[in-house]
Amino acid sequence: MTARSSLTVVLAAGEGTRMRSSLPKVLHQVAGQSLLAHVLDAAPHGAGASLAVVIGPDHKAVADEVRRVRADAASFVQAERLGTAHAVLAAREAIARGADDLLVAFGDTPLISAETFTRLRAPLAKGAALAVLGFRAADPTGYGRLLLQGDRLIAIREHADATDEERKVTLCNAGVMAFDGGQALKILDRIGNANSKGEYYLVDAVTIVREMGLEAVVIETSEDEVRGINDKAQLAEAEAVMQTRLRKAALDAGVTLIAPDTVYLAADTKFGKDVTIEPFVVIGPGVTIDDGAVIHSFTHIVHSSVGKKALVGPFARMRPGTSLGEGAKIGNFVETKASTLEAGVKVNHLSYIGDTHVGANSNLGAGTVTCNYDGFFKHKTLIGEGAFVGTNSSLVAPVKIGKGAYIGSGSVITKDVPDDAMAVERSPQSNREGGAKRYREMKLRAKKPKEG
Ligand code: UD1
Ligand code: MG
């Protein structure tokens with residue numbers, strides 16, 4: 001049996017007015033990834049699977065996100081918002097190419113899984129013309145209701161158009177549908193706008209399929225998977241559901257999460273074996289944590305990699321582009337950015353390391369700061385293997401510290417330091433014998449009230 005080809009059309013033309021935001025709705029994030037990216041990730045991939053996204057006019061940022069996530073996807077603009085069926089037809093050109101299965105999904109349902117798309121397609125291979133994803137809603141208000149006769153799907157009624165009796169139905173339309181590709185355009189072109197809102201409703205496809213003497217079926221899923229996001233409260237609920245999933249997946253993969261509910265993960269976080277994450281850690285997108293690493297409490301990591309057995313935190317901040325080598329260590333109040341710290345490097349306390357390459361086994365003392373920005377440009381700091389940077393040193397970039405070099409504490413280093421050299425940049429110390437005592441006595445005399 002040859003695999004069926006598919007076209008997934010993702011509807012994302014909505015304004016998202018209820019988000020009360022200048023950002024288009026589908027670009028809001030859950031687990032460090034846009035709502036749209038979650039849906040595009042779940043949609044069928046690979047040979048024979050094509051994608052089209054319907055976006056609103058002036059939504060260039062959405063088109064950019066589509067390109068970033070799935071370079072193979074085409075974007076179509078729906079110039080006027082005339083309803084979900086009208087939106088699907090904005091991708092007519094792609095639909096007309098005639099994939100075996102046409103899938104329609106909403107860009108604001110980020111919790112949908114790839115397995116659900118597969119389940120929804122199964123009835124098409126057995127001859128159904130339409131499969132609709134349904135769920136039992138705790139509160140069905142606002143959703144389209146799935147009307148069954150026995151176990152046959154006969155219609156979907158939008159809340160606004162439903163009778164009191166129909167509103168009692170709790171089986172609802174999730175919005176995801178799969179059409180037999182050969183029939184899809186015929187069905188979609190027959191959808192009209194005779195309803196209370198005067199919109200072209202995708203849900204009317206069910207009645208049309210019935211009128212054509214074809215079969216429409218329901219595939220059920222859980223409410224959590226099809227939560228649509230319309231406002232910030234729903235965004236936060238979806239985040240909670242996603243975090244629960246990600247924590248469970250991490251625990252199942254053997255990650256030790258001491259207090260799972262306090263750890264925030266991203267959809268793309270990658271873990272090796274025997275990783276431990278202490279309470280109150282935030283991991284943003286693009287993070288890889290290798291075998292045996294420990295992330296101590298109150299650490300924040302984004303777009304970075306943590307090597308085998310590396311130790312991070314407590315209270316560390318790894319900003320984008322940090323790579324920590326095997327057994328490297330960054331401790332409390334250490335901030336890193338666009339830097340590579342090779343194996344065995346230690347930056348234990350109170351440091352800023354930016355645009356820097358640190359060779360293996362170097363030790364950067366407390367308060368080491370790379371001065372990478374001159375107010376106009378960013379510059380690089382290069383530190384060789386086995387170097388030692390004394391406490392409270394400023395390394396003014398661009399600057400190069402040689403292998404095995406030693407920087408005296410408190411130095412402001414503005415010139416390159418050769419391999420194995422010792423650089424000390426500070427004024428010579430002067431000790432005045434008895435000076436402290438004389439100073440104290442002088443001050444005490446000045447403080448005493450005048451006699452007489
Ligand atoms: C829709 C369904 C409803 C279902 C619910 C599930 C229809 C008519 N109704 O209702 O049965 O229970 O979702 O959440 O399909 N969009 C466009 N262009 C348009 C209109 C909508 O791109 O002209 C997009 C929106 O951006 C959104 C999706 O289609 O991603 C759904 O539209 P929305 O207005 O949220 O539909 P609901 O009223 O929620
Ligand atoms: Mg909606």
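Model, not experiment: these values are computed from the prediction. (Residues numbered from 1 in each chain as written. Chains lettered and ligands numbered in written order. Predicted model: local features only at pLDDT ≥ 70, side-chain atom pairs only at ≥ 80, totals over all residues. Heavy atoms only, no water.)

(A) Spatial organisation of empty space enclosed by the protein. Across all of its chains, the model carries one cavity of 30 Å³ or more by this definition. Taken as a whole, the largest cavity encloses approximately 30 Å³ of empty space. Considering the residues around the largest cavity, the lining is formed by Leu-7, Ile-95, Gly-98, Ala-99, Asp-101, Leu-102 and Gly-181. Looking at the lining of the largest cavity residue by residue, the classes come out as four nonpolar, two polar and one charged. (1 Å grid on protein atoms, 1.4 Å probe; cavity = no way out; pocket = protein on both sides within 12 Å on 5 of 7 lines; lining within 4 Å. Points joined across faces, edges and corners; volume = space filled by probe spheres on them. Nonpolar A, V, L, I, M, F, W, Y, C, P; charged D, E, K, R; others polar.)

(B) Representation of the pattern of salt bridges. Across all of its chains, the model carries 20 salt bridges by this definition. Of the charged contacts, one joins Arg-4 and Asp-180 as a salt bridge, the two residues approaching to 3.7 Å between their closest N and O atoms. Taken together, the residues Arg-4 in the segment before β1 (6-12) and Asp-180 in strand β10 (residues 171-180) connect sequence positions 176 residues apart. Arg-4 gets classed as partly exposed once you look at its relative accessible area, which sits at 29%. Here the salt bridges share partners, and the residues they tie into one network are Arg-4, Asp-101, Arg-121 and Asp-180. (Salt bridge = Lys/Arg side-chain N within 4 Å of Asp/Glu carboxyl O. Helix = DSSP H or I, 4+ residues; strand = E, 2+ residues; numbered from the N terminus. Buried < 20%, exposed > 50% of the residue type's maximum accessible area, 1.4 Å probe, protein only.)

(C) Up close: the UniProt feature "active site" (unreviewed entry) in the protein. In this numbering, the UniProt entry assigns the feature "active site" (unreviewed entry) to His-349. Relative to the elements of secondary structure, His-349 occurs in strand β26 (residues 346-354). (UniProt positions renumbered as here; feature names shortened; annotations may be inferred.)

(D) A look at the domain arrangement of the protein. Domains assigned within the protein are domain 1 (6-226) and domain 2 (243-423). Computed over C-alpha atoms, the centres of domain 1 and domain 2 are 44 Å apart. Contacts between the two partners involve six residues from domain 1 and, on the opposite side, seven residues from domain 2. Contact with domain 2 buries surface across domain 1, with Ala-31, Gly-32 and Leu-111 losing the most and accounting together for 72% of the total. The interface formed by domain 1 and domain 2 contains zero salt bridges. (Domains from an automatic or database assignment. Contact = heavy atoms within 4.5 Å. Buried area = accessible area lost by both parts, 1.4 Å probe.)

(E) Inspection of the layout of surface pockets at higher detail. Put simply, the largest pocket is a space of about 1,200 Å³. Together, 39 residues line the largest pocket, and Arg-18, Thr-84, Phe-106, Asp-108 and Asn-230 are the ones closest to its centre. When residues of the lining of the largest pocket are traced back to their parent elements, those giving at least two are β1, α3 (84-89) and β10. Tallying contributions element by element places β10 first for the lining of the largest pocket, with four residues. Grouping the amino acids of the lining of the largest pocket by side-chain chemistry returns 14 nonpolar, 17 polar and eight charged. Volume-wise, the second largest pocket comes out at about 420 Å³. Those elements that provide at least two residues to the lining of the second largest pocket are α1 (35-42) and α9 (232-252). Counting residues per element, the lining of the second largest pocket draws most heavily on α9, which supplies five residues. Its residues placed into classes, the lining of the second largest pocket shows 13 nonpolar, four polar and three charged.

(F) Focus on helix α7 (residues 181-189). Residues Gly-181, Ala-184, Ile-187 and Leu-188 constitute the buried set of α7. Considered in projection along α7, the buried side chains sweep an arc of 95° and stay on one side of the axis. Elements that come into contact with the buried residues of α7 comprise α3, α4 (92-95), β6 (101-106), β10 and α8 (205-211). (Arc of directions from axis to C-beta.)

(G) View of the UniProt feature "domain: MobA-like NTP transferase" (unreviewed entry) in the protein. UniProt records the feature "domain: MobA-like NTP transferase" (unreviewed entry) at residues 9-144, using the numbering of this structure. Secondary structure content for residues 9-144 is 29% helix and 24% strand, while the C-alpha to C-alpha distance between its ends is 20 Å.

(H) Structural view of α1. A large share of α1 lies buried, amounting to seven of its eight residues. Residues of α1 that are buried: Leu-35, Leu-36, Ala-37, His-38, Val-39, Leu-40 and Ala-42.

(I) Looking closely at a nonpolar patch on the surface. A contiguous nonpolar patch, built from Phe-280, Phe-298, Phe-315, Phe-333 and Leu-350 and spanning about 520 Å² of accessible area, is present on the exposed surface. By the element assignment, Phe-315 lies in the loop between β21 (311-312) and β22 (316-318). (Patch = residues over 30% accessible without salt bridge, like charges linked within 9 Å, V, L, I, M, F, W, Y side chains within 5 Å. Areas by Shrake-Rupley, 256 points an atom, 1.4 Å probe, with all protein chains shown as cover.)

(J) Up close: the packing of α1 against helix α2 (residues 60-69). Orientation of α1 relative to α2, taken along the N-to-C sense of each, is 40°, at an axis distance of 10 Å. For α1 against α2, the interelement crossing comes out right-handed. Between α1 and α2, the contacting residues are Leu-36, Ala-37, Leu-40 and Asp-41 on the first element and Val-62, Glu-65, Val-66 and Val-69 on the second. Considered class by class, the residues forming the contact of α1 with α2 number six nonpolar, no polar and two charged. (Axes fitted to C-alpha atoms, helices over the stretch in contact; angles between N-to-C directions. Left-handed = near helix turned anticlockwise from the far one by under 90°.)

(K) Region of interest: the sheet that holds strand β25 (residues 340-341). The strand order β14-β17-β20-β23-β25-β27-β30-β33 describes an open sheet built from eight strands, whose pairing is parallel. Looking at which strands have only one partner, the edges of the open sheet turn out to be β14 (270-271) and β33 (399-401). As judged from the two bridges shared by strand β23 (residues 322-324) and β25, these two strands associate in the parallel manner. Within the sheet, the bridge partner assigned to Ser-323 lies in β25 and is Thr-340. (Pairing = 2+ DSSP bridges.)

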